[in-house]
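# Commentary on secondary and tertiary structure
Below are the chains, spelled out letter by letter.
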Amino acid sequence: EADIYQTPRYLVIGTGKKITLECSQTMGHDKMYWYQQDPGMELHLIHYSYGVNSTEKGDLSSESTVSRIRTEHFPLTLESARPSHTSQYLCASSAGTIRDEQYFGPGTRLTVT
Amino acid sequence: GESVGLHLPTLSVQEGDNSIINCAYSNSASDYFIWYKQESGKGPQFIIDIRSNMDKRQGQRVTVLLNKTVKHLSLQIAATQPGDSAVYFCAEPWGGKLIFGTGTRLQVFP
């Protein structure tokens, strides 16, 4: 079982609210990732980080932002949630090169009403 | 950009039968592929990987075959069990990131 955690697991929130999805890993991994996934669909990379103070945008345009102040913590923030943000958000981490296995958290299922 | 795609969105198999999940890729320079399994309500989990210098790699009840000529790989699950029900993704490193295919949902019925 991988040591990567996401909170909350489920979140229902109204339009316009600011939310932060938490992701923490205890494996000391340098690389961390955020993916967005609709049910039964492919994963889309929205943000990634190669280490502390490193953040990059992924392939899918996202209105979210991320920060990486500590190695173990990679929170994702939506300043103003919209119904179009309703999705599952998955956090992952890996040790080094892209060939290293990515360990995924359980995900946060977000519903914006 | 480069793409990794799956042929079938859903595969239904009877318990005990073998399952074959297919994946096509378009980048002939690709040299590493990974299969992930995602159970309902969970994040994807690594199953097995294969490098391009191999045609076949076996794990516990799973085998991945790589055909570089036609740019195709497959995941074979022997004696499929109800616990194998999940969505399976192939993935490929590209541009410093992992590119995931669409996914195939495997349904196992008694």
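Residues numbered from 1 in each chain as written. Chains lettered and ligands numbered in written order. Predicted model: local features only at pLDDT ≥ 70, side-chain atom pairs only at ≥ 80, totals over all residues. Heavy atoms only, no water.

## A short note on the overall build of chain A
Counting its secondary structure elements, chain A contains zero helices and 11 strands. Helices and strands appear in chain A in the N-to-C order β-β-β-β-β-β-β-β-β-β-β. Rg of the C-alpha trace for chain A: 13 Å, near the compact-globule value of 13 Å for 113 residues, within the 12% margin. If one aligns the C-alpha atoms of chain A with their principal axes, the spans along those axes are about 40 × 30 × 25 Å. By residue count, 46% of the 113 residues in chain A fall in the buried class. Long-range pairs, those at least 24 residues apart, make up 54% of the contacts in chain A between residues at least 6 apart in sequence. Summed over all atoms, the accessible surface of chain A reaches about 5300 Å², with 50% contributed by carbon and sulfur. Across chain A, 10 positive and 13 negative side-chain charges occur, with their mean positions spaced 6 Å apart. (Helix = DSSP H or I, 4+ residues; strand = E, 2+ residues; numbered from the N terminus. Rg over C-alpha atoms; globule rule 2.2 N^0.38 Å. Buried < 20%, exposed > 50% of the residue type's maximum accessible area, 1.4 Å probe, protein only. Contact = heavy atoms within 4.5 Å. Areas by Shrake-Rupley, 256 points an atom, 1.4 Å probe, with all protein chains shown as cover. Lys, Arg positive; Asp, Glu negative; His and termini not counted. Charge placed at Lys NZ, Arg CZ, Asp CG, Glu CD.)

## A few points about the interface of chain A and chain B
The accessible area lost on association of the parts is a frequent measure of interface size. If you look at the interface, chain A gives 21 residues, while chain B gives 20 residues. Between chain A and chain B the total buried area reaches about 1800 Å² when both faces are included, carbon and sulfur atoms providing 53% of it. Summed over the shared surface of chain A and chain B, the result is zero salt bridges. Among the secondary structure elements, those contributing two or more residues to the side of chain A that touches chain B are β4 (31-37), β5 (43-51) and β9 (87-94) of chain A. (Buried area = accessible area lost by both parts, 1.4 Å probe. Salt bridge = Lys/Arg side-chain N within 4 Å of Asp/Glu carboxyl O.)

## Considering the pattern of salt bridges
Residues and elements named next belong to chain B. Applying the stated criterion to the full structure yields seven salt bridges over all chains. Its salt-bridge partner being arginine 57, residue aspartate 49 comes within 2.2 Å of it at the nearest N-O pair. A relative accessible area of 13% places aspartate 49 in the buried class. For the salt bridge of aspartate 55 with lysine 68, the shortest nitrogen-to-oxygen distance reads 3.2 Å. A residue pair is termed long-range when its members are at least 10 positions apart, and aspartate 55 in the loop between β5 (45-51) and β6 (56-58) and lysine 68 in the loop between β7 (62-67) and β8 (72-77) qualify at 13 residues. The class of aspartate 55 is exposed, set by a relative accessible area of 51%.

## Digging into the environment of serine 61 of chain A
Along the chain, serine 61 of chain A turns up in the loop between β6 (54-57) and β7 (65-66). A C-alpha to C-alpha distance of 6.6 Å links serine 61 of chain A and isoleucine 46 of chain A, two positions 15 residues apart in sequence.

## Side note on the layout of surface pockets
In this structure, the second largest pocket occupies an estimated 260 Å³ of space. In this structure, the second largest pocket is lined by 16 residues; those nearest its centre are Gly40 of chain A together with Glu39, Ser40, Gly41 and Arg105 of chain B. Here the residues of the lining of the second largest pocket sort into four nonpolar, seven polar and five charged. (1 Å grid on protein atoms, 1.4 Å probe; cavity = no way out; pocket = protein on both sides within 12 Å on 5 of 7 lines; lining within 4 Å. Points joined across faces, edges and corners; volume = space filled by probe spheres on them. Nonpolar A, V, L, I, M, F, W, Y, C, P; charged D, E, K, R; others polar.)

## Things to note about the side chain of serine 94 of chain A
Residue and element names in this part refer to chain A. Its location among the elements puts serine 94 in strand β9. Using a relative accessible area of 0% as the deciding quantity, one classes serine 94 as buried. Here tyrosine 33 takes part through its side chain, which lies 2.9 Å from a polar atom of the side chain of serine 94. With near-sequence residues (within four places) excluded, serine 94 lies in contact with His29, Asp30, Lys31, Tyr33, Asp100, Glu101 and Gln102. (Polar contact = N/O pair within 3.5 Å; in protein donor to acceptor, adjacent residues only side chain to side chain.)

## A short note on the sheet that holds β7 of chain A
Residue and element names in this part refer to chain A. Spatially, the four strands line up as an open sheet ordered β1-β3-β8-β7, and their pairing is antiparallel. This sheet does not close on itself; its edge strands, each paired only once, are β1 (4-7) and β7. Of the pairings in the sheet, the one linking β7 to strand β8 (residues 76-78) comprises two bridges and is antiparallel in character. Among the inter-strand pairings, threonine 65 is bridged to a residue of β8, identified as threonine 77. (Pairing = 2+ DSSP bridges.)

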